[in-house]
Amino acid sequence: MNSLRGILGSIRQADQKFDLFHEKDRIMVGISGGKDSMVLLLALAKYQQFNCANFTIVPAILDLGFPGFDASGISEYAKSLGYELKVVDSKEVYPILKKQQKDAKILPCSICSRMKKAAINKVAKDLGCNKVAFAHHGDDAVETLFMNEIFGGRIATFQPKMYLERSEIEFIRPLILVHEKEIIKCVKEENVPVFSSHCPNDGETMRKEMKDLLADIYKKYPSAKKNFFLMMENYSKEQLYYSDFYFKVERKDLSFKPVILEKDARKEHEIRAKLGIENFDEGYSRYLIYKKNKVIGVMSLIEKNEEVYLNDLELIKENSTTRKYLFTELERYYAHYKNPLTIYINKSSHDDFYKQFGYKKARKSGLFKKVK
């Protein structure tokens, strides 16, 4: 019981930190049969009893068509906790993965992941759920971080919660602050049944390599595990190159600085208030415009495939020459990455300026448009 009590405490801590559970939530719990998802089901069943939010649990498992799939044991355990396991027919996934595998040694995990996510979204909606709980734990998060750094060139991991606007479903990860060793201990103490993976790739994935790599690091540097967990949420100590990242306009002492840090956002709000222009829509990339070390304006835009929508490019003291340099650099930058490139510009007091660059009124949108 000690391990389960600790896991419940970690779920409570995650709920307080990341706001995971709300009144009248209907939560689909994604089950695979492995130790993580089985412990998640048990822990949420217990957490539901004393948590202040009144939520409903709906356990569900996808039958992806993998050979040997059998959910009977999982169904029995769910029933012992008072739940009916929903077995969802998604057998079309395995034949598609086999077809895409071609000469590769293992099935394509990325395609499988996308198909599973789409299936889960549909199932959650069909079951009337507004949330889906996954069993990813803290060690999974660190492994994902390392995988993205080594193979993806980015510092990123999955989030404790993520809202999908299009499907109106929120993914939550209640075990995000739980160590894997606590789950293993809980399985033994609570006699939680664990079922072998049906995935043909089991034990052959890149994640297994990351797990082995991290085990070596922890063996050599025991404090690393605790510090890696701390690192994931230690925002006050974050310091990376992007905090001083600029797009420079050569030989003009001009640059665009992405609004990333809180101090950038405060400065942007200040400038917008000074210029009397509206705030950006959500999803727009925002920039401060600098001349040497002084902010002289703001810009916001959004990219959609081969299109760029410029919402505003405003200067504190209007200068047509400076605007020309900035806009020319903007076109040059995006033309390098997108071909063909279509740029749309919102209506503004600078229509005559953009006409000089060959922009014409788009009939349907009412925006200025140019294809390069």
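About the cut-offs
Residue numbers restart at each chain and count upward from 1, following the sequence in its written direction. In view of the model being predicted, local features appear only for residues whose pLDDT reaches at least 70, and side-chain atom pairs are presented and counted only at 80 or more, with totals across whole chains, interfaces and linings using the full set of residues. Only hydrogens and water are removed before side-chain values are computed, so all heavy atoms of the structure are retained for them. Counting from the N terminus, the helices are DSSP H or I runs at least four residues long and the strands are E runs at least two residues long. Should any heavy atoms of two residues lie within 4.5 Å, those residues are considered in contact. Note on areas: Shrake-Rupley with a 1.4 Å probe; residue coverage comes only from the protein chains shown. Only four residue types enter the tally: Lys and Arg on the positive side, Asp and Glu on the negative side, with His and both chain ends excluded. Here the site of a charge means NZ on Lys, CZ on Arg, CG on Asp, or CD on Glu. For two strands to pair, DSSP has to find at least two bridges joining them. Think of each axis as a best-fit line through the C-alpha atoms, taken over the contacting stretch in the case of a helix, with angles from 0 to 180 degrees between the N-to-C directions. Think of it this way: a Phe, Tyr or Trp ring, Trp meaning its six-membered ring, pairs with another when their centres are within 6.5 Å, and the plane angle makes it stacked under 30 degrees, edge-to-face over 60, tilted otherwise. Remark: exposure states derive from per-residue accessible area (1.4 Å probe, protein chains only) relative to the maximum for the residue type, with buried under 20%, exposed over 50%, and partly exposed in between. Within this document, salt bridges are pairs made up of a side-chain nitrogen of Lys or Arg and a carboxyl oxygen of Asp or Glu, the two lying within 4 Å of each other. Take the buried residues of types Ala, Val, Leu, Ile, Met, Phe, Trp, Tyr and Cys, join any two whose side-chain atoms come within 4.5 Å, and each joined set is a nonpolar core. Look down the strands so they point away from you; if going from the first strand over the helix to the second traces a clockwise path, that crossover is right-handed.

### Section: the overall build of the protein
Moving on, step 1. For the protein, the helix and strand inventory stands at twelve helices and 14 strands.
Moving on, step 2. The long-range fraction of contacts in the protein, counting pairs at least 24 apart against all pairs at least 6 apart in sequence, stands at 67%.
Moving on, step 3. Of the roughly 21,700 Å² of accessible surface on the protein, 50% is carried by carbon and sulfur atoms.
Moving on, step 4. Separation of charge centres in the protein, based on 63 positive and 51 negative side chains, amounts to 5 Å.

### Considering the sheet that holds strand β14 (residues 368-371)
Moving on, step 1. A sheet is described by the order of its strands in space; here eight strands give the open sequence β7-β8-β9-β10-β11-β12-β14-β13, paired in mixed fashion. Pairing within the sheet leaves two strands with one partner each, and these edge strands are β7 (247-249) and β13 (360-361).
Moving on, step 2. Across five bridges, the pairing between strand β8 (residues 254-258) and strand β9 (residues 285-291) is antiparallel. Its bridge partner lying in β9, Ser-255 is registered against Tyr-290.
Moving on, step 3. Its contacts with the sheet place helix α10 (residues 262-275) against β8, β9, β10 (294-304) and β11 (307-315), and it is angled at close to 100 degrees to β10.
Moving on, step 4. Where helix α11 (residues 320-337) meets the sheet, it contacts β7, β8, β9, β10, β11, β12 (342-345) and β14, and its direction lies at approximately 160 degrees from that of β11.

### Observations regarding the packing of aromatic side chains
How two aromatic rings sit relative to each other is given by the distance of their centres and the angle of their planes.
Moving on, step 1. Per the counting criterion, the structure on display carries 20 aromatic pairs.
Moving on, step 2. Measuring from centroid to centroid gives 6.0 Å for Tyr-218 and Phe-228, while their planes differ by 55 degrees, and the two rings are tilted. One end of the pair, Tyr-218, is in helix α8 (residues 206-220); the other, Phe-228, is in helix α9 (residues 224-231), and ten residues separate them in sequence. Judged on exposure class, the residue Tyr-218 and its partner Phe-228 are both buried.
Moving on, step 3. Measuring from centroid to centroid gives 5.0 Å for Phe-327 and Tyr-354, while their planes differ by 65 degrees, and the two rings are edge-to-face. Taken together, the positions of Phe-327 in helix α11 and Tyr-354 in helix α12 (residues 351-356) put the pair 27 residues apart, joining distant regions of the chain.
Moving on, step 4. Among the aromatic residues, those joined into a ring-pair cluster are Phe-245, Phe-247, Phe-256, Tyr-287, Tyr-333, Tyr-334 and Tyr-337.

### What about the pattern of salt bridges?
Charged atoms that come close allow side chains of opposite charge to pair.
Moving on, step 1. Scanning the entire structure with this criterion turns up 28 salt bridges.
Moving on, step 2. A salt bridge links Glu-180 to Lys-35; the shortest N-O distance between them is 2.8 Å. On the criterion of sequence distance, the pair formed by Glu-180 in helix α7 (residues 180-189) and Lys-35 in helix α2 (residues 35-50) is long-range, its members being 145 residues apart.
Moving on, step 3. In this structure, Asp-63 engages Lys-91 in a salt bridge whose closest nitrogen and oxygen atoms are separated by 3.2 Å. Within this pair, whereas Asp-63 is found in strand β2 (residues 56-63), its partner Lys-91 is found in the loop between β3 (86-89) and α4 (93-101), the two being separated by 28 residues in sequence.
Moving on, step 4. Take Lys-91: its relative accessible area is 44%, and that puts it in the partly exposed class.

### Topic: unusual backbone geometry
Moving on, step 1. Cis geometry marks the peptide bond from Asn-339 to Pro-340; its omega dihedral reads 0 degrees.
Moving on, step 2. On the secondary structure map, Pro-340 appears in the loop between α11 and β12.
Moving on, step 3. Phi angles above zero are rare outside glycine, and Lys-24 is one such case at about 70 degrees.
Moving on, step 4. Here Lys-24 lies in the loop between α1 (2-18) and β1 (26-30).
Moving on, step 5. Lys-24 gets classed as exposed once you look at its relative accessible area, which sits at 70%.
Moving on, step 6. The backbone phi angle of Lys-292 is positive, close to 55 degrees, even though this residue is not glycine.
Moving on, step 7. Structurally, Lys-292 is set in the loop between β9 and β10.

### Side note on the nonpolar core
Moving on, step 1. By size, the foremost hydrophobic cluster in this structure holds 42 residues, and its most contacted members are Ile-7, Phe-21, Ile-31 and Leu-175.
Moving on, step 2. Put simply, the parts of the chain that give this core at least two residues each are α1, β1, α2, β2, α3 (72-80) and α7.
Moving on, step 3. Top element by residues in this core is α2. It accounts for nine residues.
Moving on, step 4. Discounting chain neighbours no more than four positions away, the residues touching Ile-31 are Ser-37, Met-38, Leu-41, Pro-59, Ala-60, Ile-61, Ile-74 and Leu-85.
Moving on, step 5. Core analysis: the second largest hydrophobic core is formed by 24 residues, Val-249, Leu-330, Tyr-334 and Tyr-354 among them.

### Concerning the pairing of β2
Moving on, step 1. With seven of eight residues buried, β2 is to be regarded as a mostly interior element.
Moving on, step 2. Inspection of the sheet shows β1 paired to β2 by five bridges, in the parallel sense. The residue of β2 that forms the bridge with Gly-30 is Ala-60.
Moving on, step 3. The β-α-β motif built from β1, the intervening α2 and the parallel element β2 has right-handed crossover chirality.
Moving on, step 4. The sheet contact formed by β2 and β3 spans four bridges and is parallel. Within β3, the residue paired with Ala-60 across the bridge is Lys-86.

### What to know about the environment of Gly-82
Moving on, step 1. Relative to the helices and strands, Gly-82 resides in the loop between α3 and β3.
Moving on, step 2. Expressed as a C-alpha distance, the spacing of Gly-82 and Ile-57, which sit 25 residues apart in the sequence, is 9.9 Å.

### Notes on the environment of Leu-301
Moving on, step 1. Along the chain, Leu-301 turns up in strand β10.
Moving on, step 2. Through-space distance from the C-alpha of Leu-301 to that of Ser-243 is 20 Å; in sequence the pair is 58 residues apart.
Moving on, step 3. Apart from residues lying up to four places away in sequence, Leu-301 is in contact with Tyr-284, Ser-285, Tyr-287, Val-308, Tyr-309, Leu-310, Asn-311, Leu-330 and Tyr-334.

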